[in-house]
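Tertiary structure, described
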Amino acid sequence: MAEQRETKGKNAWYKAVIIITVLGITAIVALVTTAVLQNKPLLQKYKYGIVLDAGSSHTAVYIYEWPAEKDNDTGRVQQTHSCKVQGAGISSYSVFPGQAGASLKSCMKEAESLIPLSRHLETPLYLGATAGMRLLRMENQSLSDQVLWSVEEVLQSSPFSYQGARIITGQEEGAFGWVTVNYLSDRLKQGSGTTGALDLGGASTQISFVANQDVAEESAENAVTFRLYGNDYFLYTHSFLCYGKDQALKLALAQQTQSGDSSVLDPCFHPGYSVDRSYFSVYSSPCVMAGKPLVSRDSFTHVGAGNASLCQEVVRRIFNFSSCSFSRCSFNRVYQPPLQGPFGAFSAFYFVMNFLNLTSGSLESSREKLERYCSRPWTQISGSDAGWTLGYMLNLTNMIPAEAPDTPPLPHAGYVTLLFFISLLLFFLLFLCFRFLWPHRNSQTQMI
Ligand SMILES: O=c1[nH]cnc2c1ncn2[C@@H]1O[C@H](COP(=O)(O)OP(=O)(O)O)[C@@H](O)[C@H]1O
Ligand SMILES: [Ca+2]
């Protein structure tokens, strides 16, 4: 009898262990499955934004995207597509302002086909015009308004959420260029050293870099502050209207055609280069301060001489270094504090240097190569196609939070692993409890 009772007791104990083991394993599997499903990243959805950069030479449409669930947080904004609008910049439509908008249509259609239909209505659409339109506004405000209305009409009729078309200030252009360069190089989130930004456009050029706060005291218009990812940045920025590549060329030509001669021997053009130009084409720009020479002829022959050092002299003369009412100036009496840190140069700085294969190497070696390049005959240059290079251009985005986002203490995989081992440990402890305490209780019961 005692033996039978003992066997029954043992069987009951084995059954209990098996039930507990099965329940335990089921509980662990359920726990881990729930944790995995709960924390599984959902199918990635994206949001979009469109910015039209209406530059002096041309307009480009940039499409940006970022993960939808990280809106305004850590989601990285990326450029997914760019479309170069056919023809010149919108400021060139001053003769027929009504046609400026039509020029944007094919790139806008492209944007419609690239952005998912379900996102069209919520996709913000901005147009920012730069120095070409600043110059047109200086010449004729009514014409520049008409050009803006024309582009506004076309953008408003698009399915996107139109946010406005405006001429941005030189200060905004410089400061946003700085944000873009540092955002793309991940320097803002790291809070480490930043890089300055140099942007050479066609009609203006911008310089921006982190400086100390004296800037605001000496020249408030050159000071910009940002709070990004929890760090404060104090910037010096300046936009030099008329010192973009194309307008600077006009300044240099105007300076060389003051005598009104029928031909000009220009050291900044290759030997063998010879083109008839109208005086009007040089002197019609509001940038060209020197008055048109009083000559009866309408045009002159622009002849290249190909001499880099003489060209440097010509170019130097378009900058005024003579006086400065601040503690220090760059040129044309513009305040500039001491330069700080490395610089990222883009836009025409990049196009020109990339065209000449000078994007790597020291400044000295670049200077030597440039001298050799400038003296090459024009016939050896005109075969090259300058349309080969198009990096991407950086543009406005305000998707950076002022404060650093809170991050979870553990990464997803670490969290699941930890959960698994804790459950395993609990189960093991439970098992030990039953293994050593339950038989002991049974035997105590039997003795009574
Ligand atoms: O693909 C290219 N290859 C070479 N040069 C380019 C290319 N795209 C733009 N550029 C040059 O870069 C400059 C861009 O100026 P932009 O049109 O942005 O004027 P802005 O910023 O002064 O308003 C122009 O001088 C233009 O000729
Ligand atoms: Ca530009």
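Note on numbering: residues in each chain are counted from 1, in written sequence order. The naming scheme follows written order: chains are lettered A onward, ligands numbered 1 onward. Where totals are concerned, whole chains, interfaces and linings use all residues; where local detail is concerned, this predicted model gives features only for residues with pLDDT of at least 70, and gives and counts side-chain atom pairs only at 80 or more. Side-chain metrics in this entry use all non-hydrogen atoms of the structure; hydrogen atoms and water are not considered.

Going by what an unreviewed UniProt entry lists, the chain is known as Ectonucleoside triphosphate diphosphohydrolase 1 and is assigned to Oncorhynchus tshawytscha. Its UniProt record gives the chain the following Subunit (unreviewed entry) comment, quoted word for word: "Homodimer; disulfide-linked." UniProt positions are given in the numbering used here, feature names are shortened, and annotations may be inferred rather than shown by experiment. Taken from UniProt, the Sequence similarities (unreviewed entry) comment for the chain reads in full: "Belongs to the GDA1/CD39 NTPase family."

1. Focus: the site of ligand 1
Contacts to ligand 1 come from 21 residues, most closely from S56, S57, T130, G202 and A203. Within the backbone of A203, a nitrogen or oxygen atom sits 2.8 Å from an oxygen atom of ligand 1. Residue D246 places a side-chain N or O atom 3.1 Å away from an oxygen atom belonging to ligand 1. Methods summary: accessible areas were calculated by the Shrake-Rupley approach with a probe of 1.4 Å, and residue burial reflects only the protein chains presented. In the complex, the protein chains occlude 88% of the 570 Å² of accessible area that ligand 1 would expose alone. Grouping the constituent residues of the shell around ligand 1 by class yields six nonpolar, eleven polar and four charged. Neighbouring residues are identified by heavy atoms, a residue being near a molecule or strand if any of them is within 4 Å of it. The term polar contact refers here to a pair of N or O atoms within 3.5 Å; inside protein, the definition further demands a hydrogen-donor-capable atom paired with an acceptor-capable atom, and it admits residues adjacent in sequence only when both atoms are side-chain atoms. Asp, Glu, Lys and Arg are counted as charged, while Ala, Val, Leu, Ile, Met, Phe, Trp, Tyr, Cys and Pro are counted as nonpolar; the rest, among them Gly, fall into the polar class.

2. Brief notes about the UniProt feature "binding site: ATP" (unreviewed entry) in the chain
In the numbering used here, UniProt assigns the "binding site: ATP" (unreviewed entry) feature to G202, A203, S204, T205 and Q206. With respect to the element layout, A203 can be found in the loop between β6 (196–200) and β7 (204–210). A contact between two residues is defined here by any heavy atoms of the two lying within 4.5 Å. Filtering out sequence-adjacent residues up to four positions away, A203 remains in contact with S56, A131, G132, L135, F240, L241, C242, Y243, G244 and Q247. Helix and strand assignments come from DSSP, with helices taken as H or I runs of at least 4 residues and strands as E runs of at least 2, each series counted from the N terminus. Looking at where Q206 falls in the secondary structure, it is placed in strand β7. A distance of 2.7 Å separates the side chain of Q206 from the side chain of S204, its partner in a polar contact.

3. Structural notes on the confidence of the model for the chain
pLDDT is a residue-level measure of predictor confidence that goes from 0 to 100. Chain-level pLDDT for the chain is 83 on average; 86% of the residues reach the 70-or-more range. This stretch, residues 383–398, has a pLDDT under 50; its non-local contacts, to residues over four places away or in other chains, come to 36 contacts. Per-residue pLDDT stays below 50 along residues 444–448; that stretch engages in zero contacts with residues further than four places along the chain or on separate chains. Across the assembled chains, the prediction reports ipTM 0.98 with pTM 0.80.

4. Some remarks on the UniProt feature "active site" (unreviewed entry) in the chain
The UniProt entry lists E173 under the feature "active site" (unreviewed entry), expressed in the numbering used here. Note on placement: E173 falls in helix α5 (residues 170–184). When sequence neighbours within four positions are dropped, the list of residues in contact with E173 reads T130, R134, I168, D199, S204, Q206 and S239.

5. Structural notes on the packing of helix α3 (residues 131–139) against helix α4 (residues 141–156)
Remark: α3 packs on α4, axes separated minimally by 5 Å, with the N-to-C direction vectors making an angle of 135°. Comparing the axis directions of α3 and α4 gives the class oblique. On α4, the residues touching M133, L136, R137 and E139 of α3 are Q141, L143, S144, V147 and L148. Class assignment of the residues belonging to the contact of α3 with α4 gives a composition of five nonpolar, two polar and two charged. Only the contacting stretch of a helix is used when fitting its axis, a line to C-alpha atoms as for every element, and angles between N-to-C directions run 0 to 180 degrees. An angle counts as roughly parallel when it lies under 35 degrees, as roughly antiparallel when it exceeds 145, as roughly perpendicular when it falls between 65 and 115, and as oblique in every other case.

6. Things to note about the pattern of salt bridges
By convention in these notes, a salt bridge is any Lys or Arg side-chain nitrogen within 4 Å of a carboxyl oxygen on Asp or Glu. A full pass over the atoms with the stated rule returns eight salt bridges. Residues R119 and E122 are paired through a salt bridge, measuring 2.7 Å at the closest nitrogen-oxygen approach. Note on exposure labels: buried denotes an accessible area under 20% of the residue type's maximum, exposed denotes more than 50%, and partly exposed covers the range between, all computed with a 1.4 Å probe on protein chains only. Since its relative accessible area comes to 40%, E122 is described here as partly exposed. Here E313 ties to R316 by a salt bridge, and the two come within 3.2 Å at their closest N and O atoms. In this pair, E313 and R316 both sit in helix α10 (residues 308–316), three residues apart, roughly one turn of the helix. For R316, a relative accessible area of 45% corresponds to the partly exposed category.

7. Observations concerning the pairing of strand β4 (residues 124–129)
With five of six residues buried, β4 is to be regarded as a mostly interior element. A pair of strands is considered paired only if DSSP assigns at least 2 bridges between the two. Direction of pairing for strand β1 (residues 46–54) relative to β4: parallel, over a ladder of five bridges. Each residue of the ladder has a partner; that of V51, found in β4, is Y126. In this sheet, strand β5 (residues 161–167) lies alongside β4 in parallel orientation, the contact comprising five bridges. The residue bridging A129 from the neighbouring strand is I167, located in β5.

8. Topic: the state of the cysteines
By definition, disulfides here are pairs of cysteine sulfur atoms that lie within 2.5 Å. For the coordinates displayed, the defined rule picks out four disulfides. Between C242 and C287 runs a disulfide, and the two sulfur atoms are separated by 2.0 Å. Judged by the sign of its S-S torsion, about -80°, the bond between C242 and C287 is left-handed. You can see C242 sitting in the loop between β9 (231–241) and α8 (245–256) and its partner C287 sitting in the loop between α9 (279–283) and β12 (299–304), a full 45 residues away along the chain. Just as C242 is buried, C287 falls in that class too. Sulfur-sulfur distance for the disulfide between C324 and C329 comes to 2.0 Å. On the S-S bond that ties C324 to C329, the torsion sits near 80°, and the link is right-handed. For C324, a relative accessible area of 35% gives the class partly exposed. Residue C329 is classed as partly exposed on the basis of its relative accessible area, which comes to 24%. Counting its disulfide-bonded cysteines in sequence order, the chain shows a connectivity of 1-2, 3-5, 4-6, 7-8.

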